[in-house]
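Structural overview for review
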Amino acid sequence: MAKRSTLFIRIVEGKNLPVKDITGSSDPYCVVRIDNEAIIRTATIWKTLSPFWGEEYNVHLPPSFHTVSFHVLDEDSLSRDDVIGKVSITKEALAAKPQGLDGWVSLTEIDPDEEVQGEIHLQIAVLGDQGARKLHCQVFEARDLARKDRNGASDPFVRVRYNGKTHESTVVKKSCYPRWNESFEFDLDEASADTPLSVEVWDWDLVSKNDFLGKVLFNINRLQSAEQVEGWFRLSPDKPKHSQYEGTLGSLRLQLRLRDETVLPSSHYQPLTELMCQSVGTNLNGNRSDLIMLIDETTTAEGRQEVATNLVKLFLGQGLALEFLDVLFTLELEKTSEPNTLFRSNSLASKSMESFLKVAGMQYLHRVLGPTVNRVFEEKKYVELDPNKVELKEAGCTGLHRLQTEADVIQQSTTHLQSYLTELLHAIMLSASHCPPALRHAFRQLYQRVQAHFPEKEYRKVKFIAVTSFLCLRFFSPAIMSPKLFHLREKHPDARTSRTLLLLAKAVQNIGNLDTLACRSKEPWMVPLQPAIQQGISQLKDFITQLVSCEEGDDPDLQHSLSLQSSFILKEGFLFLHKTKDKSMLIASPFKKYYVSLARDTLSYTRTQNSKKISFITLQKIRAVEKVEEKSFGSSNVMQIISSEDNGQLETLYLMCKSVNELNQWLSALRKACIHNTETMSSYHPGIYKGDKWSCCHQKDKTAVGCDKTRHGVTLQEWNDPLDPDLESQLIFRHLMSVQQAMREKHHERIQQEKSNDQGSTSELEKQDVATRLFKVLQDLQEAHAAVERAEQSKNKNFLLELQT
C-alpha cells in the first residue's frame, strides 16, 4: 500500500501588480514553492502589470507536506530580481475544499520572520523528584535552515527560553545544517504550568541585527506526562505582523486541487483491470462496448480530460490502447449523423485521442515542429496580415529613412509566413516514416472507421478530415501557438513572436480543415496565404494516405513499446557534469558539457550527441537523487546523483542545469525512473566535500551519515512518465465511484429496455451484464479501502506533534 498526494496547479494570471521598473511597468514571473523548496518557475511576462501565464502543473508530493506558496518577482537583467509579494496556502485549507480552489487571491508582503524552514533535533526531559524537578533540553542539530547571508548559508545559534530565563548555544558559522550537541537546564516551576518552553533558532550577524530562523514551543503539562521525548521538530514562524502593503500588491488568479490517494496492492485492482480490458476486447458476446458507453455517458465535461488521460494510460499499460480508441471511434460515429461535426466536440473520444497523441507522439511532434518554431523565435520577424492591426512604426526602413506602407508590410509578412509554412509542410510530408507505429495504427483505424460509416461519394473528404482534426487541429496547431506547454520552448514568446506563431497556427488549421472557402469568409485578410494553403491541402491529403498505409500485420506491440517504454528516451539534453573521483572537490569549477540521456535502465552521457564513447550509470545502482546547496558551486540549479560502485563505494555525479525548471524536471524524471530501487538512502549531504570537511554540516569524515533527509516523494507529472498500473486503476476506481449512481440509473434503463424487447428476464440479463459485474468489483474495492482507513485510524497519533503548542 502506498500513499501519495497530487496537487494540480494552474497559475492563470495576475492583476494590479505594483510598478517595479523605471519604465512604469514590471516583468513579473512566479515561483512555486512546496514548504519553501522552489519546484516551478513560470515564464516571465514582459512589460505588464496584468500578466497572463496560463501554466498548468501536476505535482506529486508526500502526504507530509505543509504549505504551497506562490512568490511573484520582477525580473531584472542588471540587478537582483525585485520581490513583489506572495500567496501561501496550507495543506489544511486545500484539503477542506476537495472540489478545489479557483479564484483571485491577494498578494501579501514577504516578511523575513515568516520565511522560515527546516527542522531541529531535540531531546526534552523532566528530571528529578517532586519539589526539585528540572527541565532538561538537549539541542543536537538542525537541518535545512533558511539562508540569510550572502554566502548562501547562515550562522545559526539556539536560544532556549523558559519562565523568564534564557540560555544560548554557540554559533556555528556558515552552515544551514549545524550540529551543537549542547544541553540546557531550567528549574521546573509547578505553579507556571501554562508557561511554554521556547526553542528559537537565530542567524548571528556581526553588524546588523540577528535574523530569526524559526522556533518550536512545547506544552509543559504534556512534557511532564511524557517525562522524556526526542525527535525532529518542524520550525514555525513568529506571529505574523500587520503588513503596511496589504491590498496594494495586486493579486493572483489560481486554480488548485489537492487529492490524497491510497493505492492498494495490485491484487485488489486485478478484477477491475480485467473487467476494463474485457470491455474493449472481442469476447463479450456483443457487450464489447457497454462499459465504455456507460463511462462515456456519465462523465461530465469538467472531468472528461482527466478521465480520458487515466483511461488511456490504463489501457496503454495493458497493451490495449488501440482497442480502446477503436471502441470510442465507433461510439462517436454512431452518435454522429452530420459529418461536419465529427470529433469537433470535447467528447471522451476526442479527449482520449488527444491524451494518446501526447503520450505516444510528443517526440514525433518535437521532430516535426521543433526546427520551424525555433526559427520563428530566433528571427523575431514582424508579421501581420490583418490591416486593422498593422503597425507601420514596426516596419520602418531606417536605411532609406521612410516607413513602409500597409501594403508593403502585408506583402513582407506574407513572404515570411509562406517561408515558415513551406518549411513546416516539408517537415510534415517527410515525417510519415518517423511517426510512431502506434500513432499510425490509431490513425489507420480512425480513417477506416470513418470511411465505412460515410461511404458516400460526397463525403470522400471526411476520412481525411477525421485524421487532420486530431493531427492538425488538436496537436500541431496548439503546439505552435503555445510551444512552452508542449515543451518545445522553455519560455513563452514575446508579443511579436506570439503573433507570428498564431498566424502560422491559423494557416495549419485551415490546411487541416481542407477548406479554403470557410477561411475566406471568416478571416478574409488571410487571403494572401491562400495559394500556400491550397498547396498544403493537396500535400496533406497525400501525407494522410501515406500515414495510414501501414499494414494490418505491422503489430505496434504497444505493451512492449509504451508500457515498458523500452524504446523511449525518457529525457535528454545538454548539461554540465562533474564526477567525483578525487578525495576532495577541486577549487576551480570542474563542470564540463555533456549530452545526457535517461532511458528505462540507464543514465548515459557523452561529450557530443552522436559520440560513440558512452559513460553510463545503471539506474538500479542509484541510491539518491537530490539538490545541492547554492553555496557549493555558486548556483542554485545543481543536483547530485549518488550511486554505488561494484565494490560498494559511493560515487557522486553532479549535474548543473540552466534553470530551476530544468533542474526539477531532471530530478523528477530520475526519481520516477528509480522508484522501485530498494536500497535508497534515507539521508544525504546537500553540500560538497571540499578540503577536509563537508560544506553543509562541517563533518570531517567523508563517509559520515548525511545531515539532511532525502526527498524521494516530490515529482512533477510529465507526458513521458513511466506508467503506474496500480495508480491508474485507483484513479479509474475513484472516478467510477463518483459516477456510480448515474451509471446504475443508465444501466437500469437499458435492462428495462431490453426486457421490453423480450430479450430475456431482468435477473438473467443482470447476471450476464458487464455493468453488474462492475458494481460488484467497485463494492469489493470500496470495502478494501474502508478496511485500510480503519487500520490507519486505530494507529496511535504522533505524540511528538501533540507536545507542540
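Residues numbered from 1 in each chain as written. Predicted model: local features only at pLDDT ≥ 70, side-chain atom pairs only at ≥ 80, totals over all residues. Heavy atoms only, no water.

Now for the overall build of the protein chain. The secondary structure content of the protein chain amounts to 21 helices and 30 strands. The buried share among the 805 residues of the protein chain stands at 53%. Taking the intrachain contacts of the protein chain between residues at least 6 apart in sequence as the baseline, contacts between residues at least 24 apart amount to 70%. Total accessible area on the protein chain stands at roughly 38,600 Å², and carbon and sulfur atoms take up 48% of it. (Helix = DSSP H or I, 4+ residues; strand = E, 2+ residues; numbered from the N terminus. Buried < 20%, exposed > 50% of the residue type's maximum accessible area, 1.4 Å probe, protein only. Contact = heavy atoms within 4.5 Å. Areas by Shrake-Rupley, 256 points an atom, 1.4 Å probe, with all protein chains shown as cover.)

Before going further, it helps to examine the packing of helix α5 (residues 304-317) against helix α7 (residues 348-379). The N-to-C vectors of α5 and α7 enclose an angle of 55°; their axes lie 8 Å apart at closest approach. Taken together, α5 and α7 sit at an angle that is classed as oblique. For α5 against α7, the interelement crossing comes out right-handed. Contacts between α5 and α7 involve Arg304, Gln305, Val307, Ala308, Thr309, Leu311, Val312 and Leu316 from the former and Leu348, Lys351, Ser352, Glu354, Ser355, Phe356 and Val359 from the latter. Along the lines of polarity and charge, the residues of the contact of α5 with α7 split into eight nonpolar, four polar and three charged. (Axes fitted to C-alpha atoms, helices over the stretch in contact; angles between N-to-C directions. Parallel < 35°, antiparallel > 145°, perpendicular 65-115°, else oblique. Left-handed = near helix turned anticlockwise from the far one by under 90°. Nonpolar A, V, L, I, M, F, W, Y, C, P; charged D, E, K, R; others polar.)

The next subject is the sheet that holds strand β30 (residues 715-716). Here five strands make up an open sheet; going across it, the order is β7-β16-β1-β4-β30 and the pairing antiparallel. Two strands close off the open sheet at either side, each with one partner strand: β7 (101-106) and β30. Helix-sheet contacts for helix α17 (residues 725-738) involve β1 (2-15) and β16 (251-263), and the interaxial angle to β16 is about 105°. (Pairing = 2+ DSSP bridges.)

Our next topic: empty space enclosed by the protein. The final tally for this structure, using the stated rule, is one cavity of 30 Å³ or more. The computed volume of the largest cavity comes to approximately 60 Å³. Residue assignment for the lining of the largest cavity shows that the elements contributing at least two residues are β3 (37-41), α16 (660-673) and β30. Among the residues forming the lining of the largest cavity, the class breakdown is four nonpolar, three polar and two charged. (1 Å grid on protein atoms, 1.4 Å probe; cavity = no way out; pocket = protein on both sides within 12 Å on 5 of 7 lines; lining within 4 Å. Points joined across faces, edges and corners; volume = space filled by probe spheres on them.)

One non-glycine residue with positive phi stands out, namely Asp35, at about 50°. Position of Asp35 relative to the elements: it lies in the loop between β2 (28-34) and β3. We note that Lys174 has phi near 50°; this positive angle belongs to a residue other than glycine. You can see Lys174 is positioned in the loop between β11 (165-168) and β12 (179-187).

On inspection of all chains with the given rule, the structure shows 36 salt bridges. Residues Lys709 and Glu119 are paired through a salt bridge, measuring 3.3 Å at the closest nitrogen-oxygen approach. With Lys709 in strand β29 (residues 708-709) and Glu119 in strand β8 (residues 119-127), this residue pair connects regions lying 590 residues apart in the sequence. Its salt-bridge partner being Arg147, residue Asp144 comes within 4.0 Å of it at the nearest N-O pair. Take Asp144: its relative accessible area is 16%, and that puts it in the buried class. Among the charged side chains, a network of salt bridges with common partners joins Arg257, Arg259, Glu261, Glu306 and Arg734. (Salt bridge = Lys/Arg side-chain N within 4 Å of Asp/Glu carboxyl O.)

Moving on, we get to the environment of Val467. As for its position among the elements, Val467 is in helix α10 (residues 462-481). On the basis of relative accessibility, which here comes to 0%, the residue Val467 falls in the buried class. For the pair Val467 and Phe443, spaced 24 residues apart in sequence, the C-alpha separation works out to 6.2 Å. Setting aside anything within four residues of it in sequence, one finds Val467 in contact with Phe443, Leu446, Tyr447 and Ile544.

Turning to the pairing of β1, a few remarks are in order. Each regular strand carries side chains that alternate between the two faces of the sheet. The sheet contact formed by β1 and β16 spans 13 bridges and is antiparallel. Within β16, the position partnered with Glu13 by the bridge is Arg253. As paired strands, β1 and strand β4 (residues 52-61) are joined by eight bridges and run antiparallel to one another. Residue pairing across strands places Glu13 opposite Phe52, the latter belonging to β4.

So, on to helix α3 (residues 266-279). An ideal rise of 1.5 Å per residue puts 20 Å on 14 residues; α3 measures up with 20 Å between its terminal C-alpha atoms. A bend of about 25° at Leu272 is the largest found in α3. (Expected span 1.5 Å × (residues − 1). Bend = angle between axes of the 7 residues up to and from the residue.)

Before going further, it helps to spend a moment on the packing of helix α8 (residues 406-429) against helix α11 (residues 495-513). The N-to-C vectors of α8 and α11 enclose an angle of 55°; their axes lie 10 Å apart at closest approach. The angle between α8 and α11 places the two elements in the oblique class. Crossing geometry of α8 relative to α11 is assigned as right-handed. Residues Leu417, Tyr420, Leu421, Leu424 and Leu425 of α8 form the contact with α11, whose own contacting residues are Thr500, Leu503, Leu504, Ala507, Val508 and Ile511.

What follows covers the packing of aromatic side chains. What characterises a pair of aromatic rings is the spacing of the ring centres plus the angle enclosed by the ring planes. Within this structure, the stated rule accounts for 15 aromatic pairs. Ring geometry for Phe218 and Phe233: centres 4.9 Å apart, planes at 85°, overall edge-to-face. Remark: Phe233 occurs in strand β15 (residues 228-234) and Phe218 occurs in strand β14 (residues 211-218); sequence separation between them is 15 residues. Neither Phe218 nor Phe233 differs from the other in exposure class; each is buried. Look at Phe633 and Tyr654: their rings are 5.4 Å apart centre to centre, the planes differ by 65°, and that puts the pair in the edge-to-face class. Of the two residues, Phe633 sits in helix α15 (residues 630-633) while Tyr654 sits in strand β25 (residues 650-656), which places them 21 residues apart along the sequence. Judged by relative accessible area, Tyr654 falls into the buried class, the value being 3%. Taken together, Phe329, Phe343 and Phe470 form an aromatic cluster joined through their ring pairs. For the cation-ring pair, Arg489 lies above Phe377, with the distance from its terminal atom to the ring centre recorded as 4.2 Å. Above the plane of the ring of Tyr594 lies Arg607, whose end atom (NZ or CZ) is 4.9 Å from the centre. (Phe/Tyr/Trp six-rings, centres within 6.5 Å; stacked < 30°, edge-to-face > 60°. Lys NZ or Arg CZ within 6 Å of the ring centre and 35° of its normal.)

This part takes up the sheet that holds strand β6 (residues 82-90). Spatial strand order, β3-β2-β5-β6: four strands in an open sheet with antiparallel pairing. Taken across any chain shown, the strands that pair with only one partner, and hence form the sheet edges, are β3 and β6. Taking the axes of each pair of neighbouring strands and ignoring which way they run, one obtains an average angle of 25° across the sheet. As paired strands, β2 and β3 are joined by four bridges and run antiparallel to one another. Counterpart to Ile34 in the pairing with β3 is Glu37.

In this model, the protein chain carries a mean pLDDT of 85, and residues with pLDDT of at least 70 account for 89%. Of all helices and strands in the protein chain, the one with the weakest mean pLDDT is helix α14 (residues 558-563) (45), whereas strand β10 (residues 156-162) scores best (95). Across residues 283-287, confidence stays below pLDDT 50; counting only partners more than four residues off in sequence or on other chains, it has five contacts. In this model, residues 582-587 is a region of pLDDT below 50 whose contacts with residues beyond four sequence positions or in other chains number 15 contacts. (pLDDT = per-residue confidence, 0-100.)

Turning our attention to helix α4 (residues 290-298). Within α4, seven of the nine residues are buried, which leaves the element mostly enclosed by the surrounding structure. Within the span of α4, buried status applies to Asp290, Leu291, Ile292, Leu294, Ile295, Asp296 and Thr298.

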